[in-house]
Every structure is written in structure tokens, then in C-alpha cells.
Amino acid sequence: MWSFRAWRQRRILARAPYTTQHWQQVRQRLALLDGLSEAEEQRLFRRAVLFLHHKHLSALPGVELSRVDRLTLAALAELPLLHLADLDWYQGFHEIVLYPDDFVSPQRHRDASGVEHEWDAEHSGEAWHRGPVILAWPGVQASGGWDGYNLVIHELAHKLDMLNGDANGLPPLHRSMRIDTWAATMQAAYEQMNSILDADPDAPTAIDPYAAENPAEFFAVTSEYFFSAPDLLAEAFPAVYAQLQAFYRQDPLARLQQLQASHPDYRENQSPTKG
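The name given to the chain in an unreviewed UniProt entry is Zinc-dependent peptidase, with Aquipseudomonas guryensis as the source organism.

**Section: the overall build of the chain**
When helices and strands are counted, the chain shows 11 helices and 6 strands. For the chain, whose C-alpha radius of gyration is 19 Å, the value lies close to the compact-globule estimate of 19 Å for 275 residues. Along the first, second and third principal axes, the C-alpha atoms of the chain reach 55 × 45 × 40 Å. Within the chain, buried positions represent 49% of all 275 residues. Long-range contacts, defined here as pairs at least 24 residues apart, represent 65% of the contacts in the chain between residues at least 6 apart. For the chain, the exposed area adds up to about 14,100 Å²; of that, 50% sits on carbon and sulfur atoms. Across the chain, the mean location of the 23 positive side-chain charges is 16 Å away from that of the 36 negative side-chain charges.

**Side note on the pattern of salt bridges**
By the definition in use, this model includes 5 salt bridges. Here D34 makes a salt bridge to R27, at a shortest N to O gap of 3.0 Å. R27 carries the same exposure label as D34, and that label is buried. One salt bridge in this structure joins D231 and R267, with 2.2 Å as the shortest N-O distance. Taken together, the residues span a long stretch of sequence, with D231 in helix α9 (residues 230-236) and R267 in the segment after α11 (252-262) at a distance of 36 residues. Judged by its relative accessible area of 23%, D231 falls in the partly exposed class. What makes R267 buried here is its relative accessible area of 17%.

Rules of the game
- Residues numbered from 1 in each chain as written.
- Predicted model: local features only at pLDDT ≥ 70, side-chain atom pairs only at ≥ 80, totals over all residues.
- Heavy atoms only, no water.
- Helix = DSSP H or I, 4+ residues; strand = E, 2+ residues; numbered from the N terminus.
- Rg over C-alpha atoms; globule rule 2.2 N^0.38 Å.
- Buried < 20%, exposed > 50% of the residue type's maximum accessible area, 1.4 Å probe, protein only.
- Contact = heavy atoms within 4.5 Å.
- Areas by Shrake-Rupley, 256 points an atom, 1.4 Å probe, with all protein chains shown as cover.
- Lys, Arg positive; Asp, Glu negative; His and termini not counted.
- Charge placed at Lys NZ, Arg CZ, Asp CG, Glu CD.
- Salt bridge = Lys/Arg side-chain N within 4 Å of Asp/Glu carboxyl O.

Structure follows, in C-alpha cells:
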């Protein structure tokens, strides 16, 4: 059956200035994509190109973007959606603003007693409800390995969270998933982290302690770890890993384990390639 949407996508892909040679350079940068099947890689390439058609990348002075740079960012953005139906998951924004370095952002918080606090904080990324995504380019360049850090996935997880309104750690779940199970699982792990840090703010934690900031950050950080350090997340919070596996419909841990089975020193020998 003829589909206007499919026809339009084919037209966009045919006219796009991105080639398989560009994609091969992206693959050399992003170890995170190792283990994907050929069909998955082709789908990710197509979705990355479509992402760049629909989203505007605004590079501030000090950031120079090549086509490979753009495609690299788009591949990271689309990886979480790789096995989700094309339902415009990133509908809440049209622009990504790229800063040459971390930036200072005004913060505001109203505490339980109603007192409002304001301060400035240095960030590598921000995602605004119905607004742009802001990323520090060095953070984007540092993303792409299996080291537990991925600025792009972190900030775009906030955008998925915001599909239901303000970010609160609850993105739109699939019909096969139960909200009460998700909420109980995430809350238990979140409280476990907070309990550790309340007792000792400097205590080592299995994942980035920033996850304990609030439920929205817990979802963003665990999403980041799900794709970039799935073994650490699954060991620390197996039930959280299972919920994210059901939501993203992927199993990065299986990919990583398969890579390590073939190359025992795989993880130690790779890191994101900048440039």
C-alpha cells in the first residue's frame, strides 16, 4: 500500500548529503554501536539522516561541525529509538544548540516550605520542556564509548520524559508495561541511592550520584548507563535494567557481553574517537 510518509522519507534520504563513507567514519568514532546487526546499522543510519532533516543544529562560535560530526550526534540521538515505532518520539523540540564548552545556567528551586532559591550552575547539557536541547560540544565528543557517559542520550532521555509534561522520571510507557511496576522499581532504586548518599555524601555509588538528584535525573542517568555501561547498571539495579529494556526494546548488555566473549580485552581497548 502506498504511503505518503514512506515516500517522503525515501525522498529525504535520497537527497541527503550523507553517504556510506560518512557513516563508516561515524562507526569508527562510536564503539557504542559495536554489536549492532547490519540491519540495525542501516536503520540507525537512515534514522540519523532523517533526524538531521527535522532538527536544526545551531553551532555557536567556537564549534565547527562537519557532516560526520552532525551524523555522529544524530546517531547517538537515534540509538535509544532504534527499536521503537516511528511515532515522533522527539516531537517536543526542533533545535539543538551546541556550545563550545560547559555553560552557566540560572537555576531555580522552591523548597518544601515554599522558599524559592536561585543560583547559577555550570552544565554540559540542558533540555527544556517545549524548548531546545543545549549541549556542550566537548561532552558530545566524549560520548560514544562503554564508559557510562553519554551526554546526548542523557539529555534526550529528558525529552522522552517530557512527552508526558514536566520531567518526572515517567516517559510514555508501552501498553505491555505497567506504570505501577515502573514507578515502584524506579522509586526503590532512587531511594536506595539517596539513602547511601544521605548517610555519606562522598560514598561511592555504582552509577553517577547525580542520579539521586531527582526522579527525572534518575531516569536520564540510568538511560545513559543502560546504553553506555549496561553491565554496571544491571549489576547495581537489575530491576531498573529490566524496565529500561522493556521501554527501549533493546538489550545493550547482551551486545557488550557478546563483544567481550569474542575479545576479552575489548572494553579496555576502545574509547570514543574525537575529531
